[in-house]
Amino acid sequence: MDNGTSSGLQIKYIFSTLPAEIIGGTWQDKLGGKLVLRFGVFWWSVATILTPIAARIGLPFLLTMRAFMGIGLGELGHEYSSPKDDAELSAEEKRVILGGSISKEPVSSIPWKLILSKAPVWALIISHFCHNWGTFILLTWTPTYYNQGQNQRCL
């Protein structure tokens, strides 16, 4: 597999997670986290099982399957559920969490300047970026390293 094809497979996978995150978040709000998590695991598992078959059929099928895997991964990002469904929380904790976190009025403006002026926020942003970048590099370039650097065939 040449570098262009490999890059295409990686891009298809990564960019298919973006819309899936938005759709999954919307579904999670409407249907609950447990159902969306189950759907994401099922979808991703089926796509994973079918990937070798798609690779044998041809590149368009493999690209499609990689996109399906990305959709499943995007859905897996929404694995939390509502505090009211959490058996670990007491009734008092649920009352405080649910009663104090819902605004009665729509937010008219977000204090971005105040939020971005806090050191812990920047620590989270930087650590999240570094973690995701490192994970992306390992997941996407490890096959290329084994193929070109170690002369091992991955597919």
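Calculation notes
Residues numbered from 1 in each chain as written. Predicted model: local features only at pLDDT ≥ 70, side-chain atom pairs only at ≥ 80, totals over all residues. Heavy atoms only, no water. Helix = DSSP H or I, 4+ residues; strand = E, 2+ residues; numbered from the N terminus. Buried < 20%, exposed > 50% of the residue type's maximum accessible area, 1.4 Å probe, protein only. Contact = heavy atoms within 4.5 Å. Areas by Shrake-Rupley, 256 points an atom, 1.4 Å probe, with all protein chains shown as cover. Phe/Tyr/Trp six-rings, centres within 6.5 Å; stacked < 30°, edge-to-face > 60°.

Colleague: I keep staring at the overall build of the protein and nothing clicks. Help me out?
Modeller: Within the protein one finds six helices and zero strands. For the protein, the sequential pattern of α-helices and β-strands runs α-α-α-α-α-α. A total of 155 residues make up the protein; the buried ones form 19% of that total. The contacts of the protein with a sequence gap of at least 6 include a subset with a gap of at least 24, amounting to 67%. Here the protein has roughly 11,600 Å² of accessible surface; of this, 68% comes from carbon and sulfur atoms.

Colleague: I keep staring at the packing of aromatic side chains and nothing clicks. Help me out?
Modeller: Any pair of aromatic rings gets described here by the distance separating the centres and the angle formed by the planes. One pass over the full model with this rule turns up six aromatic pairs. A centroid spacing of 5.5 Å and a plane angle of 75° characterise the contact between Trp27 and Phe39, whose relative ring orientation is edge-to-face. One end of the pair, Trp27, is in helix α1 (residues 3–31); the other, Phe39, is in helix α2 (residues 33–57), and 12 residues separate them in sequence. Geometrically, the ring pair formed by Trp43 and Phe68 is edge-to-face, given 5.4 Å between the ring centres and 70° between the ring planes. Remark: Phe68 occurs in helix α3 (residues 59–76) and Trp43 occurs in helix α2; sequence separation between them is 25 residues. A network of ring pairs unites the aromatic residues Trp27, Phe39, Trp43 and Phe68 as a single cluster.

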